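Each chain, letter by letter, is given below.
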Amino acid sequence: MRPFVTGLLLAAAAPALSAHAAPAPTPPTAPLCAIAAPCAKPLPVRMVVVTMFEIGKDEGDTAGEFQLWKTRRNLYQRIPFPHGYHDLYYNPETQILGVVTGVGSVRAAAAITAIGLDTRLDLSHAYWLVAGIAGIDPEDASIGSAAWARYVVDGDLAHEIDAREIPADWKSGYFPLDRQGPDDPAPPRTDGGEVFALNPKLAEWAYRLTRDTALPDDPGIARERARYTDHPNARKPPFVLMGDQFSAMTFWHGSLLNRWANDHTRYFTQGKGSFVTSAMEETGTLQAIEYLSKIGRVDKDRVLVLRTGSNYTMPPPGVTAADYLLRENEGYAGLNASVESLYRVGNRVVDELLAHWDRYRTTPPQ
């Protein structure tokens, strides 16, 4: 799920340099080919960090998903990207490429396709880390926690009946396109973009590498999670786990829709997956990568999806779904913690891959 920036207070920008301070030297940048033209020497990319939004500026204010990657990984070289939502940023030394796709699966699919076909970039050995914040199921984890996905399930490809007209014996108004209601026992289709299975060995490797990562905690998110008296996992300090994603363009909230997301995920993964995080973009991202992989532009088995909880997907006891959703839209309780967790966990994977590039360039971790 995506935070609306209304009500968020932007941090003050850093003070300007004094008149007597010498400006920092500009690092050398790698030469760029022209956009949409043949390129004899494309930029080599080892790691693509895919984020979906930034709140304000890319540096110096309240951080969204992209800002910490840009500043801490020194992605200083701007690559003009007029055929996408946001310019790309690159570090020629580490060969990390930073991406902001824009919110929603449509923008994500368009941006990733454009990047994959961009002749200025050599993505043939690149790993992809999709790194975003999300709604998190209080049945599984707490805000600030980080979940590595094995499956991404689409929540948009469905029939829908308005909640006021759902038959009394239906548990949901949503059901798959080719089924006769939410309780139809027929096996799921898996060839129409309903579910994407990531490389399970790579996801498990990333989890094992990062599961002991110290995640940020503070009194604010501690107070918030304490309200979830019926959900022991929601009350834990932030932690790293394996957990699958439910991807839908509609920002949904509440216990009944939370049950739908769990049921839908179990159905389309045939019981192998477990819904933990809700987001909006990954089905578009993964569909684009799947198509690009077919023509050898990228390797779909080098994709990782990491989401951290900025908000819960249903309210605590005694609070209505509408009231909780409207309050959270003024600024997620776990925004700062989730952005920091996202970088801490994801960066451990980036560091490991780059430190042993001689090994991982040709063979993904097992």
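Remember, predicted model here, so these are calculated numbers, not experimental data.

Undergrad: I'm lost on the overall build of the protein chain in this one. Help?
TA: Scanning the protein chain for helices and strands turns up 9 helices and 16 strands. Relative to the globule expectation of 21 Å for 366 residues, the C-alpha radius of gyration of the protein chain, 21 Å, shows essentially globular dimensions. Overall size of the protein chain, expressed as C-alpha extent along the three principal axes, is 70 × 50 × 35 Å. Relative to its full complement of 366 residues, the protein chain shows a buried share of 54%. Contacts in the protein chain between residues at least 24 apart in sequence constitute 77% of all its contacts with a sequence separation of at least 6. Of the roughly 16000 Å² of accessible surface on the protein chain, 54% is carried by carbon and sulfur atoms. Distance between charge centroids for the protein chain: 6 Å, based on 36 positive and 43 negative side chains.

Undergrad: For this particular structure, what's the right way to read the state of the cysteines?
TA: Defined simply, a disulfide is a covalent bond joining two cysteines at their sulfur atoms. Taken as a whole and judged by the stated rule, the model has 1 disulfide. Note on cysteine connectivity: Cys33 is disulfide-linked to Cys39, with sulfurs 2.0 Å apart. Judged by the torsion about the S-S bond (70°), the Cys33/Cys39 disulfide is right-handed. Of the residues examined, Cys33 reaches a relative accessible area of 23% and is grouped as partly exposed.

Undergrad: Teacher, can you tell me more about the environment of Ala110 here?
TA: Tracing the backbone shows Ala110 in helix H2 (residues 105-116). Taking C-alpha positions, Ala110 is 7.8 Å from Ala288, a pair spaced 178 residues apart along the chain.

Undergrad: Can you walk me through the packing of aromatic side chains in this structure?
TA: Two aromatic rings, taken as a pair, are described by how far apart their centres are and by the angle between their planes. All chains considered together, the criterion is met by 15 aromatic pairs. Between Phe246 and Trp260 the ring centres are 4.7 Å apart and the planes differ by 90°, which places this aromatic pair in the edge-to-face class. Linking Phe246 in strand S14 (residues 244-247) with Trp260 in helix H5 (residues 255-268), this pair joins segments that are 14 residues apart in sequence. Comparing Phe246 with Trp260, the two get one shared label, buried. Relative to Trp260, the ring of Trp252 has its centre 6.1 Å away and its plane inclined at 75°; by these criteria the two rings are edge-to-face. You can call Trp252 buried: its relative accessible area is 5%.

Undergrad: What's the story with the pairing of strand S15 (residues 275-279) in this structure? I'm lost.
TA: Side-chain direction in a regular strand flips from residue to residue, so the side chains alternate between the two faces of the sheet. Counting buried positions along S15 yields 5 of 5 residues, so the element is predominantly enclosed. Two elements, strand S7 (residues 127-136) and S15, share 2 bridges in a ladder whose sense is antiparallel. Along S15, the bridge assignment pairs Gly135 with Ser278. Pairing between S14 and S15: 4 bridges, direction parallel. Paired with Asp244 across the bridge in S15 is Phe275. Crossover connection from S14 via H5 to parallel S15: handedness right-handed.

Undergrad: What is the right way to read the environment of Pro44 from this model?
TA: Structurally, the position occupied by Pro44 is in strand S1 (residues 43-44). The spatial distance from the C-alpha of Pro44 to the C-alpha of Leu32 is 11 Å, given a sequence separation of 12 residues. Contact partners of Pro44, with chain neighbours within four places excluded, come to Tyr90, Gln95 and Asp122.

Undergrad: Any chance you could explain the packing of H2 against helix H6 (residues 282-294) here in plain terms?
TA: Packed helix pairs are characterised by how far apart their axes lie and by the angle those axes make with each other. Direction vectors running N to C along H2 and H6 enclose 30°, while the axes themselves pass 7 Å from each other. Here H2 is positioned roughly parallel relative to H6, judged by the angle of their axes. Read as a crossing pair, H2 and H6 show a hand that is right-handed. Residues Ser105, Ala108, Ala109, Ile112, Thr113 and Gly116 of H2 form the contact with H6, whose own contacting residues are Thr283, Gly284, Thr285, Ala288, Ile289 and Leu292. Classifying every residue of the contact of H2 with H6 gives 6 nonpolar, 6 polar and no charged.

Undergrad: How should I be thinking about the nonpolar core in this particular structure?
TA: Taken as a class, soluble globular proteins show a tendency for nonpolar side chains to be buried jointly. In this structure, Met47, Leu129 and Trp148 are the most contacted members of the largest nonpolar core, which totals 42 residues. Considering every element that reaches this core, the biggest residue donor is helix H8 (residues 335-355), with 9 residues. Those residues in contact with Met47, other than ones at most four positions away along the chain, are Gln95, Ile96, Leu97, Tyr127, Trp128, Leu129, Val350 and Leu353. Core analysis: the next-biggest nonpolar cluster, separate from the first, contains 31 residues, Val50, Leu97, Ala126 and Ala149 among them.

Calculation notes
Residues numbered from 1 in each chain as written. Predicted model: local features only at pLDDT ≥ 70, side-chain atom pairs only at ≥ 80, totals over all residues. Heavy atoms only, no water. Helix = DSSP H or I, 4+ residues; strand = E, 2+ residues; numbered from the N terminus. Rg over C-alpha atoms; globule rule 2.2 N^0.38 Å. Buried < 20%, exposed > 50% of the residue type's maximum accessible area, 1.4 Å probe, protein only. Contact = heavy atoms within 4.5 Å. Areas by Shrake-Rupley, 256 points an atom, 1.4 Å probe, with all protein chains shown as cover. Lys, Arg positive; Asp, Glu negative; His and termini not counted. Charge placed at Lys NZ, Arg CZ, Asp CG, Glu CD. Disulfide = S-S within 2.5 Å. Phe/Tyr/Trp six-rings, centres within 6.5 Å; stacked < 30°, edge-to-face > 60°. Pairing = 2+ DSSP bridges. Right-handed = clockwise from strand over helix to strand, strands pointing away. Axes fitted to C-alpha atoms, helices over the stretch in contact; angles between N-to-C directions. Parallel < 35°, antiparallel > 145°, perpendicular 65-115°, else oblique. Left-handed = near helix turned anticlockwise from the far one by under 90°. Nonpolar A, V, L, I, M, F, W, Y, C, P; charged D, E, K, R; others polar. Core = buried A, V, L, I, M, F, W, Y, C linked by side-chain atoms within 4.5 Å.

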